[in-house]
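# Coordinate inspection notes
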Amino acid sequence: MTTQGALTGSRYRESLRDGREVWLDGKRIDDVTTHPAFKGTVDRFAELYDMQHNDVMTFVSPETGNRVSKSYLLPRTYEQLKEKYANSQAWMRNSWGQLGRSPDYMANITVGLYDFAPELGEFGPNAVAYHRYCMENDLALTHAIGDPQIDRSKTPLDDPDLALRIVEERADGIVVRGAKQLATLAPYSHEVFCYLSASFARRGASEFVIWFALPMNTPGLKTVCREPLGDHTHGHSHPFARLYDEQDAMLFFEDVFVPRERIFLLHDGELAMRGLGRITPWASYSSHVRFQERMKTALGVAARCADAIGVSGFRNIQEMLGEMTAIVELSRLLTVATEAQHKVTPAGLVQPVGSTAIGYFSAMSSGRVADLLRKITASGLLMQPSEGDLESAELRPLLDRYMRGKDIGAAEKSRLFRMAWDLVGGGFGQRQELYEYLHRGDPSRNLINLYLRYDRGEVDERIGKLISAPIPQ
Ligand SMILES: Cc1cc2nc3c(=O)[nH]c(=O)nc-3n(C[C@H](O)[C@H](O)[C@H](O)COP(=O)(O)OP(=O)(O)OC[C@H]3O[C@@H](n4cnc5c(N)ncnc54)[C@H](O)[C@@H]3O)c2cc1C
């Protein structure tokens with residue numbers, strides 16, 4: 001294997017010019033690195049890859065001697081888990097918590113895949129080799145679990161188009177057909193890791209039970225992107241939407257060949273269900289770190305906006321900022337708790353121990369923070385001059401006079417409030433909210449499972465005792 005270790009920006013750009021089939025608005029995109037709808041995010045990723053060449057974000061691979069990303073580090077001690085935290089924090093802080101699926105997330109899914117490898121039978125060595133391959137080449141991955149939203153009242157046994165399926169099994173691999181809804185980061189990724197949706201696994205249709213990974217330029221794989229959310233048409237220059245629209249895409253597999261060495265699990269629904277929970281803890285940990293940074297960004301922007309319009313001395317505004325601060329602090333403490341409860345897996349990795357409850361907390365508090373930010377900023381959230389307005393010699397004196405803030409000029413104030421708008425308004429802010437609510441899977445199902453699996457034995461027994469006889473007089 002010829003490898004160069006941790007990516008640089010220029011190698012990242014070059015690697016995306018690989019003939020992949022990316023579609024936008026009915027047209028095939030020749031080069032995502034130069035197309036205006038993708039360029040802003042590619043450039044930002046390139047900066048992040050250039051930034052990572054330091055001791056916090058990379059380590060020396062024992063196999064090749066290359067410096068490789070700590071996102072791929074297999075933590076064998078608590079100290080190494082903390083190192084992974086510091087690396088995730090560098091990724092997330094430098095992207096303001098806006099990249100839900102930064103490459104750090106999926107790299108940590110491959111850590112989970114490595115950990116689960118001993119249970120994958122004949123495919124276990126493939127999983128181990130894949131983690132190593134991704135690490136040594138610093139691959140950015142997307143993942144696709146969900147099935148196309150055609151008719152949730154039916155199963156793929158009623159209609160095979162409802163889920164990605166195996167249409168041919170050969171000695172050297174399998175051929176798959178179908179679609180996945182959806183894959184965040186797909187046009188910016190090198191490979192896609194597909195695993196099945198939880199709901200179909202239980203239904204015993206083994207041709208739908210497949211875990212595999214493929215390069216994004218695999219023949220027959222089409223990536224169809226949703227409408228871009230950065231404003232590319234006029235000079236409003238929305239900072240987060242421009243730089244951090246990580247895209248979400250449908251993936252279509254038109255009889256795509258998956259070589260045997262890229263298969264990690266086949267046909268075994270029960271094993272796949274178990275594996276879903278087992279491969280995610282390190283990625284969830286990275287996700288908590290990101291959430292914490294995103295909440296911190298929102299608090300920082302809200303406090304500055306309150307200062308900028310002279311409302312930060314009012315008690316009701318301070319109470320709202322206090323509530324946001326509580327959410328920032330709670331999200332930090334929850335991450336610390338998952339670390340503190342770490343355990344060692346049978347494969348010898350130190351695993352942070354989380355809970356679905358953290359996902360529920362994040363989904364709920366993200367919406368609350370957006371609501372508070374809207375209340376604090378009020379009409380200023382949208383009533384700001386554009387960069388073009390600010391450049392107009394005729395308008396500028398009026399803007400400086402009537403659109404300034406308290407101790408802040410019109411230009412800086414408008415850029416600040418556009419950050420707020422990106423967090424809660426416009427297509428980008430709305431997408432971030434939807435992401436926060438849904439990216440851990442159906443919140444309704446998650447809550448039901450949380451309740452059903454919660455061990456109430458001890459309190460149930462005490463309640464039983466208390467009601468078994470009248471309270472003595
Ligand atoms: C911004 C964003 C990014 C995402 N990124 C990724 C990604 O990178 N990779 C990936 O794999 N997925 C991704 N997802 C998908 C995400 O995991 C799903 O949105 C989530 O699992 C819910 O599935 P769904 O959207 O298909 O909703 P559906 O399953 O269609 O549900 C629609 C509604 O019907 C209800 N419902 C559905 N089925 C049932 C049932 N059997 N019984 C009762 N109620 C039911 C649900 O509770 C929900 O209210 C992303 C989603 C978003 C919004």
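Just so it is clear, the structure is predicted and the values come from calculations on it, not from any experiment.

Within the protein chain one finds 17 helices and 14 strands. In terms of C-alpha radius of gyration, the protein chain reaches 24 Å, essentially the compact-globule figure of 23 Å for 473 residues. Once the C-alpha set of the protein chain is aligned to its principal axes, its extents read approximately 85 × 75 × 50 Å. Put simply, the protein chain has 473 residues, and 52% of those count as buried. Considering only intrachain contacts with a sequence separation of at least 6, the fraction spanning at least 24 residues in the protein chain is 76%. Element-wise, carbon and sulfur atoms account for 55% of the exposed surface of the protein chain, whose accessible area totals about 21300 Å².

Here the focus is the packing of helix 9 (residues 281-308) against helix 11 (residues 356-377). The interhelical angle for the contact between helix 9 and helix 11, taken along N-to-C directions, is 15°, at an axis separation of 10 Å. The angle between the axes of helix 9 and helix 11 places the two elements in the roughly parallel class. In the crossing of helix 9 with helix 11, the sense of the turn from one axis to the other is left-handed. When helix 9 is examined against helix 11, the residues His288, Phe291, Arg294, Met295, Ala298, Ala302, Cys305 and Ala306 are found in contact with a partner set consisting of Ile358, Phe361, Ser362, Ser365, Ser366, Val369, Leu373, Ile376 and Thr377.

Further remarks concern the pairing of strand 1 (residues 21-24). Across three bridges, strand 1 lies against strand 10 (residues 221-225) in parallel orientation. Residue tryptophan 23 lies in a different strand from strand 10, and its bridge partner there is valine 224. Connecting strand 1 to the next strand, strand 2 (residues 27-29), in antiparallel fashion are two residues, including aspartate 25 with a positive phi near 50°.

The strand order across the open sheet built from four strands is 5-8-9-12, with neighbouring strands paired in mixed fashion. Because the sheet does not close on itself, it has two edges, and the strands there are strand 5 (141-144) and strand 12 (263-266). Within the sheet, the average angular offset between the axes of one strand and its neighbour, ignoring direction, is 20°. With four bridges joining them, strand 8 (residues 191-194) and strand 9 (residues 210-215) adopt antiparallel strand pairing. Across the sheet, residue cysteine 194 finds its bridge partner in strand 9, namely phenylalanine 212. In this fold helix 4 (residues 103-116) packs onto strand 5, strand 8, strand 9 and strand 12, with an angle of close to 70° to the strand it touches most, strand 5. Against the sheet, helix 5 (residues 124-137) touches strand 5, strand 8, strand 9 and strand 12, its axis set at about 145° to strand 12.

Around the ligand, 17 residues are found, and the nearest of them are Ile145, Gln149, Arg152, Thr184 and Asp442. Within the backbone of isoleucine 145, one N or O atom sits 2.6 Å away from an oxygen atom of the ligand. In this structure, threonine 184 approaches the ligand through a side-chain N or O atom, which is 2.7 Å from a nitrogen atom. About the coverage of the ligand: the protein hides 64% of its 960 Å² of free accessible area. Counting residues per element, the ones that place at least two in the shell around the ligand are strand 5, strand 7 (173-184) and helix 15 (426-438). It is helix 15 that provides the largest number of residues to the shell around the ligand, a total of four residues. Split by residue class, the shell around the ligand holds seven nonpolar, five polar and five charged.

Here we come to the pattern of salt bridges. When the charged atoms of two side chains with opposite charge come close together, those side chains can pair. This structure, assessed with the given rule, holds 44 salt bridges. With a closest N to O distance of 3.6 Å, arginine 274 and glutamate 270 form a salt bridge. Here arginine 274 pairs with glutamate 270, and both are found in helix 8 (residues 269-278), just four residues apart, close to one helical turn. The exposure class of arginine 274 is partly exposed, given its relative accessible area of 36%. Among the salt bridges present, the one from arginine 396 reaches aspartate 400, with a minimum N-O distance of 3.0 Å. On the criterion of helical spacing, the pair formed by arginine 396 and aspartate 400 is a turn pair, its members being four residues apart in helix 13 (residues 396-402). Taking relative accessible area as the criterion, arginine 396 reaches 29% and is therefore assigned partly exposed. One network of salt bridges, in which partners are shared, links Asp115, Glu119, Glu270, Arg274 and Arg278.

In this structure, strand 7 lies alongside strand 11 (residues 248-259), joined through 10 bridges in antiparallel fashion. In the sheet register, isoleucine 174 faces strand 11, and the bridge partner there is valine 258. Bridging between strand 10 and strand 11 involves five bridges; their strand directions are antiparallel. When the bridges of strand 11 are listed, cysteine 225 appears paired with alanine 249.

To continue, consider helix 11. Along its 22 residues, helix 11 runs 32 Å from first to last C-alpha, staying within 8% of the 32 Å computed at 1.5 Å per residue. A distance of 2.9 Å separates the backbone nitrogen of alanine 357 from a side-chain oxygen at the start of helix 11, and that oxygen is part of serine 355. Where helix 11 terminates, the next one or two residues include alanine 378, which has phi positive at roughly 50°.

Segmenting the protein chain into domains produces domain 1 (9-275) and domain 2 (280-454). Taken over C-alpha atoms, the centre of domain 1 sits 25 Å from the centre of domain 2. Facing 44 residues of domain 1, the contacting portion of domain 2 comprises 37 residues. Among the residues of domain 1 in contact with domain 2, Leu81, Tyr85 and Asp115 are the three that bury the most area, contributing 16% of the side total. The interface formed by domain 1 and domain 2 holds four salt bridges in total. Arginine 431 is the salt-bridge partner of glutamate 246, the closest N and O atoms lying 2.9 Å from each other. Inspection of the region where domain 1 meets domain 2 yields 17 residue pairs in polar contact (both at pLDDT 80 or more).

The next point concerns the environment of tyrosine 188. With respect to the secondary-structure elements, tyrosine 188 resides in the loop between strand 7 and strand 8. Note on tyrosine 188: relative accessible area 1%, which makes it buried. On a C-alpha basis, the gap between tyrosine 188 and tryptophan 282 in space is 22 Å, while along the polypeptide they are 94 residues apart. Not counting the four nearest positions on each side in its chain, tyrosine 188 is found in contact with Tyr12, Leu16, Arg20, Ala37, Phe38, Thr41, Val42, Phe45, Ala140, Asp245, Glu246 and Gln247.

Calculation rules
Residues numbered from 1 in each chain as written. Predicted model: local features only at pLDDT ≥ 70, side-chain atom pairs only at ≥ 80, totals over all residues. Heavy atoms only, no water. Helix = DSSP H or I, 4+ residues; strand = E, 2+ residues; numbered from the N terminus. Rg over C-alpha atoms; globule rule 2.2 N^0.38 Å. Buried < 20%, exposed > 50% of the residue type's maximum accessible area, 1.4 Å probe, protein only. Contact = heavy atoms within 4.5 Å. Areas by Shrake-Rupley, 256 points an atom, 1.4 Å probe, with all protein chains shown as cover. Axes fitted to C-alpha atoms, helices over the stretch in contact; angles between N-to-C directions. Parallel < 35°, antiparallel > 145°, perpendicular 65-115°, else oblique. Left-handed = near helix turned anticlockwise from the far one by under 90°. Pairing = 2+ DSSP bridges. Near = heavy atom within 4 Å. Polar contact = N/O pair within 3.5 Å; in protein donor to acceptor, adjacent residues only side chain to side chain. Nonpolar A, V, L, I, M, F, W, Y, C, P; charged D, E, K, R; others polar. Salt bridge = Lys/Arg side-chain N within 4 Å of Asp/Glu carboxyl O. Expected span 1.5 Å × (residues − 1). Domains from an automatic or database assignment. Buried area = accessible area lost by both parts, 1.4 Å probe.

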